[in-house]
Amino acid sequence: QVQLVESGGGLVQPGGSLRLSCAASGNIVIFNAMGWYRQAPGKEREFVARITRAGTTNYADSGKGRFTISRDNAKNTAYLQMESLKPEDTAVYYCNGVLPTNSYWGQGTQVTVSL
């Protein structure tokens, strides 16, 4: 059994920064890819960023230039550094870990961008 636990969410003012973390526990595996998704109230879950085991990254247009995804394979942890946050970034952020035969999700962490 593999579990993903997100942390680092919170309330931040527009223009501020947050760093989200996603730690894997249980049957330790190295995910082929790890990613971040988000879901705002009344909206569908959407892709934010993704990083492969080799370090290749891709981002949704909404986060390009502001968000940076990284991972530490030794710690089985992924990170999402978010800069210049906007109110429209407000959402629950979910971590995703992908293996050839399965995909795992964390429970989510709330990010609120507001004055």
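On a predicted model such as this, the values are computed, not experimentally measured, just so you know.

S.K.: Any details on the sheet that holds strand 7 (residues 67-72)? Residues and values, ideally.
M.R.: One open sheet accounts for four strands, arranged 1-3-8-7; its pairing is antiparallel. Taken across any chain shown, the strands that pair with only one partner, and hence form the sheet edges, are strand 1 (2-7) and strand 7. In this sheet, adjacent strand axes meet at a mean angle of 15° when their direction is disregarded. Judged from the six bridges that link them, strand 3 (residues 18-26) and strand 8 (residues 77-82) form a sheet pairing that is antiparallel. The residue bridging leucine 18 from the neighbouring strand is methionine 82, located in strand 8.

S.K.: Let's hear about unusual backbone geometry: which residues, and what values?
M.R.: Positioned with a positive phi, asparagine 76 is a non-glycine residue whose angle comes to about 55°. If you trace the backbone, asparagine 76 turns up in the loop between strand 7 and strand 8. A relative accessible area of 3% means that asparagine 76 is categorised as buried. Positioned with a positive phi, serine 84 is a non-glycine residue whose angle comes to about 50°.

S.K.: Before we move on, can you summarise the packing of aromatic side chains with the specific residues and values?
M.R.: Within this structure, the stated rule accounts for three aromatic pairs. Look at tyrosine 37 and tryptophan 105: their rings are 5.0 Å apart centre to centre, the planes differ by 65°, and that puts the pair in the edge-to-face class. Here the residue tyrosine 37 occupies a position in strand 4 (residues 33-39), and tryptophan 105 occupies one in strand 10 (residues 103-105), the gap between them amounting to 68 residues. Given the relative accessible area of 22%, tyrosine 37 is considered partly exposed. Among the residues examined, tryptophan 105 registers a relative accessible area of 38% and is labelled partly exposed. By the ring-pair criterion, three or more aromatic residues cluster together here, those being Tyr37, Phe47 and Trp105. Stacked on the ring of tyrosine 94, the Lys or Arg arginine 45 has its end atom at 3.7 Å from the ring centre. Arginine 45 extends its terminal NZ or CZ atom over the ring of tryptophan 105, reaching a point 4.7 Å from the ring centre.

Parameters at a glance
Residues numbered from 1 in each chain as written. Predicted model: local features only at pLDDT ≥ 70, side-chain atom pairs only at ≥ 80, totals over all residues. Heavy atoms only, no water. Pairing = 2+ DSSP bridges. Helix = DSSP H or I, 4+ residues; strand = E, 2+ residues; numbered from the N terminus. Axes fitted to C-alpha atoms, helices over the stretch in contact; angles between N-to-C directions. Buried < 20%, exposed > 50% of the residue type's maximum accessible area, 1.4 Å probe, protein only. Phe/Tyr/Trp six-rings, centres within 6.5 Å; stacked < 30°, edge-to-face > 60°. Lys NZ or Arg CZ within 6 Å of the ring centre and 35° of its normal.

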